[in-house]
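Listed below, chain by chain, are the residues.
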Amino acid sequence: MNRSTGHCSAGMAGRTQAEQCSALRLGSGAQIANPRAGNLSLNRLLVVLKVLLDQGGKIYWQKNLAPFFCRQNFLPFAPRPAPSAPRGAHPGSWNPSRKALYVPWSRVFQQAWGLVFVLLIALSGLGCRPSKTEHKAAGPVWFEDVTAKSGLSFTHDVGTLGRFFMPETVGSGVALFDYDNDGRLDIYLIQNGGPKSAALNKLFHQGADGKFSDVSAGSGLDVAGHGMGVAIGDINNDGLADVLVTEYGGVRLFLNQGGGHFVELTKPAGLDNPQWATSAAFFDYDRDGWLDLVVVNYIDYLASEKCFDRAGQPEYCGPNSRPGTVSRLFHNLGRGASATNSAVRFEDVTVKSGLGDLPGPGLGVVCADFDGDRWPDILVANDAKPNCLWINQRDGTFRNEAGRRGLAYNAMGGADANMGIAAGDVDGDGLLDIFITHLTEENNALWKQGPRGLFQESTAAAGLANTAWRGTGFGTVFADFDQDGFSDLAIVNGRVRRGNQSGGMAQQIIPELGPHWSAYGDRNQLFANIGNGTFRDVSPKNSPFCGTPVVGRGLACGDIDGDGAMDLLVTAVASPARLYRNVAPRRGHWLMVRAIDPALGGRDAYGAEVSVQAGGRRQVGWINPGYSYVCSNDPRAHFGLGQAARVEAITVLWPDGKQESFPGTTADQLVVLRRGQGKLID
C-alpha cells in the first residue's frame, strides 16, 4: 500500500537520489528499473508501452532537459519539472489526467532499442490500441450471493470512525475450516473494533441443511480486538483444527478441545509477538511431523500518528510512515504435545533461522516448496518493499532468494505495494505460479515458474494488464470455478486512500458503505483462464460478485456447500461478510482430494502435493489453506476435470518428501487419501 501521505509522496518528491534512479513510474505503477540488472531490457520496455497504450495514452518528448543519469544507465529523467512539460508534471512520469508519459528526448536514441521505441509509438497512432469494447459483458454468471439464505449474519466493525487509525483499513479476514470433523466447512470471522469493543469474533457452524448458525457464545473464540487475520492448523496432532488469530499488537492461539470449545494458550505455548501481525500460516518447516508457525508482521505503527492527504485532510497512513518489522518463525517443540494443554510449546527461532535479518512490512504469506527440493519455503509479500522468498536450507535456517529467483520485484525492477498472494498452476506445467495484488495505480502481477525454482513476471502476456477496471487488490485466489481443468482468478478490491474526485463533484455515497467508506470502495474482479495460462476478464458479466463497490480485504475459497464446486466468502471493511455460491453453468467434472496422515492424529497433511492424471493431462494441487490475504481456506485439493469422467491415477508427495501412488477412481466425488495406504514410490 504505497500510498500518498501528504505532499511528500507526490511524484518524485521525498525520494532519495537512489530511489529516483530506480523509477520511471507510470499510472500503472510500473517502474523501469532493476537495481540488480544492467540496462533496461526490450521486454520490459514493451510491457511499459503496452500499459501506456492500454490506457489510451500519448507520449510527449521533452527537450532541453538536464537529464539525471542513473549509474545503471537506464532511460534518464530529470528529477524536476521541465519547461516543456505541463505544470506539475515530472519528466518520466505518467500524468493520469492527460494520459501522457513525459520522456526526455535526450539520449533515448543512444539506447539499443531506441528505434523499436519510436516504431511502437508510431503504431500507437495507427489504431493499435485495444478496443474499448473488448470488456463488454460476455460469458455466464459464475456466482450468486447466498448470504441471507445461508443464515450467515456478520458485519465487520472497526470501532469509532474519524481517528484514521491505520489498522481500520488493513483488516480483517476469515477462516473456512471443519472444527467438529462432521465433513462440512464452518466459518470463523474476525472483528477489528478493539479489545473493549462489543463486536466479537464469530464462529458459525454449518448444519446438514447447509445453513449456518452462530455458535460463538461459549466457544472461547468469541473475543474482541484489533483483529487482522486467522490461520488454522492442528498443532498437537489430535485430529482437531486449532485457531490462531493475528491482531494489531499480537497473536492469540486457541486449542480445539472438541465439542465446539476452544481454550486460549497463547502465553503458555510461548507465542510472543508484540508487533502488528497480519497474515500467518502453519507449516512443517523441519519435517518432524509437528506444524510450525510463521507470522507476518507489518510496520511499527504508533496509534498517535497522524497523516494527511495533499489537501491537508486527515488520511490513513501508508507503509513508509514507519519502519517495517520482521516476520517471526515459531518452531513447534512437539514432544508430549498431545498429553496436556500445557505441553503445547513453541520456540521463537526468528533470529537463528535468518528471518530476523530482513524486516517487512509484510502483508501476505504462502508456504510451499518453491525450489523443488521437497522442503517448504516461505514467500512473504511486502508492502512497497521487495518481496522475500525464504528458501529452506534444511538445517533450520532460511535464506532470502527472492531476487535471484525473480519474485522480489516487478518486471520493471520496482517494488510494488504487495498484499495478497494466490498460488497455483495456471498453465498446466505442474509448477506453482504466483499472483500478488497491488494498488489501483499499479498492476497486479503474475509470476510464472519455469524452469523449476525460477520465476518471470508474465502479467501482460497472460492478459492481466488490460482489464475492464482497476482496483486496489487484497484477497486473491486461483481456483477452477468452471471446472474446465484450468485455474481461474478472483480478486477482492478496496482502496486504502480516498479515490480522486472528478470535476470537483462530491463523492457518490454507496448506501452499504456510508459517507466515510464510500470514498474507498472498489469493484471486485474475476478472470477466466482460457486454457493456455492466459486470462479473459469476465468481471462485467459477474455483477453479483463484481458489480457493487466494497472495501474488500479477505477472500476465502472452498467447497462450502459440498457440491464439488469452489465457492467464495468475502470480508470487507465495516461491511457485511458475503457468501457467494458457485453457479457456473456447464461445469466440467471434478475431484476433491483430502490427504491425511493417520500417524499424526489424522490431520491434514499440510504441504503435500497431489497429482492427478485424467483426460490425457496431469494436474497438480496443494494441501495448503494458507494463501490469499489474512485468510485460511479449504485445505483440500480441488481439480476441475473438464470432460474426463474418470481419474486414471493419483500421486501424493507427502510433506516429508516420500511419495505414494493411489489407484484411479471415478470423477465427481471427494476422496480421502491416507498415508500408508498407497504404493510407495522409490
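A. Local environment of the overall build of the protein chain. Looking only at helices and strands, the protein chain has eight helices and 42 strands in total. Within the protein chain, the proportion of its 682 residues that are buried is 61%. Working note: accessible area of the protein chain is about 25300 Å², and carbon and sulfur atoms make up 51% of it.

B. Region of interest: the pattern of salt bridges. Inspection of every chain in the model, using the stated rule, returns 28 salt bridges. Close ionic contact of Arg675 with Asp656 constitutes a salt bridge, the shortest N to O distance being 2.6 Å. With Arg675 in the loop between strand S41 (669-674) and strand S42 (679-681) and Asp656 in the loop between strand S39 (646-653) and strand S40 (659-666), this pair connects stretches of sequence that are 19 residues apart. A relative accessible area of 23% places Arg675 in the partly exposed class.

C. Representation of the state of the cysteines. In the structure shown here, the tally under the stated rule is one disulfide. Across a sulfur-sulfur distance of 2.1 Å, Cys307 and Cys317 are joined as a disulfide pair. Looking along the S-S bond of the Cys307-Cys317 disulfide, the torsion reads about 100 degrees, which is the right-handed sense. Here the residue Cys307 occupies a position in strand S15 (residues 307-308), and Cys317 occupies one in the loop between strand S16 (314-315) and strand S17 (328-332), the gap between them amounting to ten residues. The exposure class assigned to Cys317 is buried, which follows from its relative accessible area of 0%.

D. Spotlight on the sheet that holds strand S28 (residues 488-493). Across the sheet, which stays open at both edges, the four strands sit in the order S27-S28-S29-S30 with antiparallel pairing between neighbours. A single partner strand is all that each edge strand has here, and the edge strands are strand S27 (473-479) and strand S30 (535-537). Mean inter-strand twist for the sheet, computed between neighbouring axes without regard to direction, equals 20 degrees.

E. Main features of the layout of surface pockets. Of the volumes computed, that of the second largest pocket is approximately 380 Å³. Around the second largest pocket, the lining comprises 27 residues; the ones closest to its centre are Asp178, Asn181, Arg594, Asp604 and Pro635. Elements that contribute at least two residues to the lining of the second largest pocket include exactly strand S5 (174-177), strand S9 (227-233), strand S35 (603-604) and S41. Of the residues assigned to the lining of the second largest pocket, the class counts are twelve nonpolar, seven polar and eight charged.

F. Representation of the confidence of the model for the protein chain within the structure. For the protein chain, per-residue confidence averages 84 on the pLDDT scale, and 77% of positions sit at 70 or higher. The secondary structure element of the protein chain with the lowest average pLDDT is helix H1 (residues 17-21), at 34, and the one with the highest is strand S6 (residues 186-189), at 99. Below pLDDT 50 for its whole length, residues 1-44 participates in 146 contacts with residues either more than four positions away or in separate chains. Every residue in residues 117-133 is under pLDDT 50, and counting partners more than four places away or in other chains gives 18 contacts.

G. Representation of the environment of Arg498. With respect to the secondary-structure elements, Arg498 resides in the loop between S28 and helix H7 (514-518). Note on Arg498: relative accessible area 24%, which makes it partly exposed. Separated by 189 residues in the primary sequence, Arg498 and Asp309 place their C-alpha atoms 8.9 Å from one another. Leave out the neighbours within four places in its chain, and Arg498 touches Phe164, Asp309, Gln313, Pro314, Glu315, Ala519 and Tyr520. Only 2.7 Å separates the side chain of Arg498 from the side chain of Asp309, close enough to count as a polar contact.

H. A look at the nonpolar core. Core analysis: the largest hydrophobic core is formed by 55 residues, its most contacted members being Phe177, Tyr188, Val243 and Leu244. At four residues, the largest contribution of residues to this core is made by strand S11 (residues 250-258). Within the second largest apolar cluster, 43 residues are counted, among which are Ala368, Ile434, Ala490 and Cys546.

I. Fine view of the pairing of strand S38 (residues 637-642). Within S38, six of the six residues are buried, leaving the element largely enclosed by the surrounding structure. Burial along S38 is two-sided: Ala637, Phe639 and Leu641 and His638, Gly640 and Gly642, pointing in opposite directions, are all buried. Where strand S34 (residues 589-597) meets S38, five bridges bridge the pair, whose relative direction is antiparallel. Within S38, the position partnered with Met592 by the bridge is His638.

J. Quick peek at the packing of aromatic side chains. Under the defined criterion, the tally for this structure stands at 22 aromatic pairs. Taking 4.9 Å as the distance between ring centres and 90 degrees as the angle between the ring planes, the aromatic pair formed by Trp276 and Tyr298 counts as edge-to-face. A residue pair is termed long-range when its members are at least 10 positions apart, and Trp276 in the loop between strand S12 (261-264) and strand S13 (277-283) and Tyr298 in the loop between strand S14 (292-297) and S15 qualify at 22 residues. Residue classification places Trp276 among the buried positions, given a relative accessible area of 2%. On the basis of an interplanar angle of 85 degrees and a centroid distance of 5.3 Å, the ring pair of Phe545 and Tyr580 is categorised as edge-to-face. Separated by 35 residues along the polypeptide, Phe545 in helix H8 (residues 543-546) and Tyr580 in strand S33 (residues 578-582) bring together distant segments of the chain. We note Arg617 situated over the ring of Phe486; from NZ or CZ to the ring centre the distance is 4.2 Å.

K. Looking closely at unusual backbone geometry. Following Gly171, the chain continues to Ser172 via a peptide bond in cis, the omega torsion being 10 degrees. For the peptide bond that leads from Gly360 to Pro361, omega is 15 degrees, which places it in the cis range. With respect to the helices and strands, Pro361 occurs in the loop between helix H5 (350-353) and strand S19 (362-368). The phi torsion at Asn181 lies on the positive side, around 55 degrees, for a residue other than glycine. Structurally, Asn181 can be placed in the loop between S5 and S6. Non-glycine residue Arg374 carries a positive phi angle of around 70 degrees. Along the polypeptide, Arg374 turns up in the loop between S19 and strand S20 (377-382).

L. Focus on the sheet that holds S17. Strand order in the open sheet formed by four strands is S13-S14-S17-S18, with antiparallel pairing between adjacent strands. Edge positions in the sheet fall to S13 and strand S18 (346-348), since each has one partner strand and no second. In this sheet, neighbouring strand axes are inclined to one another by 20 degrees on average, regardless of whether the strands run parallel or antiparallel. In the sheet, S13 pairs with S14 via five bridges, with the strands oriented antiparallel. Residue pairing in the sheet places Ala281 in a bridge with Val294 of S14.

M. Representation of the side chain of Asn624 in the model. Within the fold, Asn624 resides in the loop between strand S37 (617-622) and S38. Polar contacts involving the side chain of Asn624 include one to the main-chain carbonyl oxygen of Cys367, which spans 3.3 Å. There is a polar contact of 3.0 Å between the side chain of Asn624 and the backbone nitrogen of Gly626.

N. The arrangement of empty space enclosed by the protein in detail. Scanning the model with the defined rule gives nine cavities of 30 Å³ or more in all. For the largest cavity, the calculated volume is near 480 Å³. Taken together, 28 residues make up the lining of the largest cavity; nearest its centre are Ala423, Phe478, Gly621, Trp622 and His638. Put simply, the parts of the chain that give the lining of the largest cavity at least two residues each are S19, strand S23 (421-424), S27, S37 and S38. With five residues, the single largest contributor to the lining of the largest cavity is S37. Classifying every residue of the lining of the largest cavity gives 14 nonpolar, nine polar and five charged. When its volume is computed, the second largest cavity comes out at roughly 250 Å³. Of all the secondary structure elements, the ones that give two or more residues to the lining of the second largest cavity are S13 and S19. Classifying every residue of the lining of the second largest cavity gives 13 nonpolar, three polar and five charged.

The rules behind the values
- Residues numbered from 1 in each chain as written.
- Predicted model: local features only at pLDDT ≥ 70, side-chain atom pairs only at ≥ 80, totals over all residues.
- Heavy atoms only, no water.
- Helix = DSSP H or I, 4+ residues; strand = E, 2+ residues; numbered from the N terminus.
- Buried < 20%, exposed > 50% of the residue type's maximum accessible area, 1.4 Å probe, protein only.
- Areas by Shrake-Rupley, 256 points an atom, 1.4 Å probe, with all protein chains shown as cover.
- Salt bridge = Lys/Arg side-chain N within 4 Å of Asp/Glu carboxyl O.
- Disulfide = S-S within 2.5 Å.
- Pairing = 2+ DSSP bridges.
- Axes fitted to C-alpha atoms, helices over the stretch in contact; angles between N-to-C directions.
- 1 Å grid on protein atoms, 1.4 Å probe; cavity = no way out; pocket = protein on both sides within 12 Å on 5 of 7 lines; lining within 4 Å.
- Points joined across faces, edges and corners; volume = space filled by probe spheres on them.
- Nonpolar A, V, L, I, M, F, W, Y, C, P; charged D, E, K, R; others polar.
- pLDDT = per-residue confidence, 0-100.
- Contact = heavy atoms within 4.5 Å.
- Polar contact = N/O pair within 3.5 Å; in protein donor to acceptor, adjacent residues only side chain to side chain.
- Core = buried A, V, L, I, M, F, W, Y, C linked by side-chain atoms within 4.5 Å.
- Phe/Tyr/Trp six-rings, centres within 6.5 Å; stacked < 30°, edge-to-face > 60°.
- Lys NZ or Arg CZ within 6 Å of the ring centre and 35° of its normal.

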